[in-house]
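Read off the chains here:
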Amino acid sequence: MPVENHSSVTEFVLTGFPGLHQEYYGLVSAVLFFVYLITLIANATVIFLFATNHSLHKPMYFIILNLSVCDILFSTTTLPKIISRYWFQSGSISFTACFIQMYFVHYFGTAVAYILFQMALDRYLAICHPLRYSHILTKSNILILSITAWIIAKASPLMMVIRAYPLPYCASNIITHCFCDHIGITVLACTDRTPYAIPAFVFAMVVLLGPLAFIIFSYGSILIAVYKIANVQSRMKSLSTCSTQLIIISLYFLPRCFVYLAQNVGITFSADVRIVIIMLYSLAPPMINPLIYCLRAKDMRESLLKHLSEKTNKQNKTKQIPEATLRKPDTSSMDYCKAVQFCLPIKALDMLQFVQNSVAEFFLLL
């Protein structure tokens, strides 16, 4: 394998959605910008709530914090470039920048899978081993698990970049996608990509199916433990604590598994449909996840409502006029005249007359 790149390609061109007519470019870019803006605002709100409310400093919400950070970074890696593709007709990306984007796309995708693994572990211990939960998932342990997930997630994407970057790229430089990924880049190589595609596929399956296997095991164990509870109300309460995590995990894994299975059983999609599906399962969860937290997680919902009510109360207080200002003072006193001159709003003409009189008195004193 060559140790350095000998490609004649110096940049790649992202096509985005291949069949999209030019008159819809502005609409598509506006929609993508709206998705990006909502993703940033929603996930930043989650981070703000966690930072300002000590009641949220629990293992489950620390995992949600990691997921929000990862969602912001993933969206920032992918969306700005494709927005500029349709907004400013700037679809080109330099050779090195494309590989950097590929690395971060796969890195953050891998990190999300490991974070969802922690989420399933949290619910498994909370329901199946409630007496040991507080001893196992301490703040220090969840911090170690989170740091480990972020570090281990680097291995697979780094391997992909190291093996794909030296390949010779001497033919087409058009990537039929909205961002640079391993398959989109390596299919353009002027060599047999099989020795490079198979290890990448194996790593992808390990990253996807490894956490998914534990998630299936954990939620299967949770269902068994819940149905052993005699009290129906307690049973429903236990299931409701898992609903938030289960929705988030389903949004991440189900579309990906569908795409992989469809490819293996021979179901083919057009380029437009395939890219739309990939964009939906890549960009919709980062935007939807914070809404699920704030609507389903009780502590976070109460924290959000508390901040909103405090802000509303402050606005109402600033709009209220003190009762003392509503009483008309004695117009015969000099204090009233000073109050009129210095404390109450003065019209433009009155202000001009006041300034003229003040200047005249000043010169008389001289």
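Residues numbered from 1 in each chain as written. Predicted model: local features only at pLDDT ≥ 70, side-chain atom pairs only at ≥ 80, totals over all residues. Heavy atoms only, no water.

Named according to an unreviewed UniProt entry, the chain is Olfactory receptor 2AT4-like originating from Pundamilia nyererei. Heading Subcellular location (unreviewed entry) of the UniProt record for the chain holds this comment: "Cell membrane". (UniProt positions renumbered as here; feature names shortened; annotations may be inferred.)

*Asks:* Account for the packing of helix α2 (residues 59–87) against helix α10 (residues 271–296), naming residues and giving values.
*Replies:* Two elements in contact, α2 and α10, have axes separated by 9 Å at closest approach and are oriented at 150°. Crossing angle aside, the handedness with which α2 passes α10 is left-handed. Residue-level contacts link I64, L67, S68, D71, F74, S75, T78 and L79 of α2 to S282, L283, P285, P286, N289 and Y293 of α10. Partitioning the contact of α2 with α10 into residue classes produces 8 nonpolar, 5 polar and 1 charged. (Axes fitted to C-alpha atoms, helices over the stretch in contact; angles between N-to-C directions. Helix = DSSP H or I, 4+ residues; strand = E, 2+ residues; numbered from the N terminus. Left-handed = near helix turned anticlockwise from the far one by under 90°. Contact = heavy atoms within 4.5 Å. Nonpolar A, V, L, I, M, F, W, Y, C, P; charged D, E, K, R; others polar.)

*Asks:* Lay out unusual backbone geometry with the relevant residues and their values.
*Replies:* Unusually for a residue other than glycine, Q89 sits at a positive phi of about 55°. Assignment of secondary structure puts Q89 in the loop between α2 and β2 (92–94).

*Asks:* An account of the nonpolar core is requested, with residue identities and associated values reported.
*Replies:* Formed by 93 residues in total, the largest nonpolar core has its most connected members in F12, F99, L116, Y169, I185 and M300. The element that contributes the greatest number of residues to this core is helix α3 (residues 95–128), accounting for 19 residues. (Core = buried A, V, L, I, M, F, W, Y, C linked by side-chain atoms within 4.5 Å. Buried < 20%, exposed > 50% of the residue type's maximum accessible area, 1.4 Å probe, protein only.)

*Asks:* So what's going on with the UniProt feature "transmembrane region" (unreviewed entry) in the chain? Which residues, and what values?
*Replies:* UniProt annotation of "transmembrane region" (unreviewed entry) refers to residues 24–50, 62–83, 103–121, 142–162, 201–227, 239–261 and 273–295 when read in the numbering used here. Along residues 62–83 the backbone is 100% helical and 0% strand, and the end-to-end C-alpha distance reaches 31 Å. Taken as a whole, residues 201–227 contains 100% helix and 0% strand, while its terminal C-alpha atoms sit 38 Å from one another.

*Asks:* Kindly report on the packing of helix α1 (residues 25–52) against α2, identifying the contributing residues and their values.
*Replies:* Packing of α1 against α2 brings their axes to within 9 Å, and their N-to-C directions diverge by 160°. If you check the angle between α1 and α2, you find them roughly antiparallel. As for the relative orientation of α1 and α2, their crossing is left-handed in sense. Of the residues belonging to the contact of α1 with α2, the class tally is 23 nonpolar, 6 polar and 2 charged. (Parallel < 35°, antiparallel > 145°, perpendicular 65-115°, else oblique.)

*Asks:* Describe the sheet that holds strand β3 (residues 174–175), naming the residues involved and giving the relevant values.
*Replies:* One open sheet accounts for 3 strands, arranged β2-β1-β3; its pairing is mixed. Of all strands in the sheet, those with a lone pairing partner are β2 and β3, marking the two edges. In the packing of α3 onto the sheet, contacts are made with β1 (11–14), β2 and β3, and the angle to β2 comes to roughly 90°. (Pairing = 2+ DSSP bridges.)

*Asks:* So what about the pairing of β1? Which residues, and what values?
*Replies:* Judged by which residues are buried, β1 turns out to be one-sided: F12 and L14 face inward and are buried, whereas E11 and V13, on the alternate face, are not. Sheet topology note: the β1/β2 ladder contains 3 bridges and is antiparallel. Paired with V13 across the bridge in β2 is S92.

*Asks:* Residue-level account of α2, with values.
*Replies:* Between its first and last C-alpha atoms α2 spans 41 Å; for 29 residues at 1.5 Å apiece the expected length is 42 Å, and the two agree. The axis of α2 is deflected most strongly, by about 30°, at T76, and proline P80 appears within four residues downstream. Across the 29 residues of α2, 23 count as buried, placing the element largely inside the fold. At the C-terminal side of α2, Q89 shows a positive phi close to 55°. (Expected span 1.5 Å × (residues − 1). Bend = angle between axes of the 7 residues up to and from the residue.)

*Asks:* Quick one: what's the story with α3, residue by residue and with numbers?
*Replies:* With 34 residues, α3 should cover 50 Å at 1.5 Å per step; its first-to-last C-alpha distance of 50 Å lies within 8% of that length. For α3, the tally of buried residues reaches 25 of 34 residues, placing the bulk of the element in the interior.

*Asks:* I'd like to hear about the packing of aromatic side chains, residue by residue, with values.
*Replies:* According to the stated counting rule, one finds 23 aromatic pairs in the structure shown. A ring pair is formed by F99 and Y169, whose centres lie 6.0 Å apart and whose planes are at 65°; its orientation type is edge-to-face. Taken together, the positions of F99 in helix α3 and Y169 in the loop between α6 (155–164) and β3 put the pair 70 residues apart, joining distant regions of the chain. A relative accessible area of 3% places F99 in the buried class. Ring geometry for F104 against F108: centres 5.7 Å apart, planes inclined by 20°, an arrangement best described as stacked. Taken as a pair, F104 and F108 lie in helix α3 at a separation of 4 residues, close to a single helical turn. (Phe/Tyr/Trp six-rings, centres within 6.5 Å; stacked < 30°, edge-to-face > 60°.)

*Asks:* Describe in detail the state of the cysteines, supporting the description with residues and values.
*Replies:* Throughout this description, disulfide means a covalent bond between two cysteine sulfur atoms. What the rule picks out here adds up to 2 disulfides. Here C98 connects covalently by a disulfide to C180, the sulfurs 2.0 Å from one another. Of note, the bridge from C98 to C180 carries an S-S torsion of about -110° and is left-handed in sense. One end of the pair, C98, is in helix α3; the other, C180, is in the loop between β3 and α7 (182–186), and 82 residues separate them in sequence. The exposure class of C98 is buried, given its relative accessible area of 0%. For C180, a relative accessible area of 0% puts it in the buried group. One disulfide in the model links C170 with C190; its S-S distance is 2.2 Å. (Disulfide = S-S within 2.5 Å.)

*Asks:* Could you give an account of the confidence of the model for the chain, with specific residues and numbers?
*Replies:* Residues of the chain with pLDDT of at least 70 account for 83%, and the chain-wide mean is 80. Across the chain, element-level confidence peaks in helix α5 (residues 139–152) with a mean pLDDT of 93 and bottoms out in helix α13 (residues 334–342) with 43. The low-confidence segment residues 323–329, where pLDDT is below 50, has 2 contacts with residues more than four positions distant or belonging to other chains. Segment residues 359–366: pLDDT under 50, and 0 contacts once partners within four positions in sequence are set aside and those in other chains are kept. (pLDDT = per-residue confidence, 0-100.)

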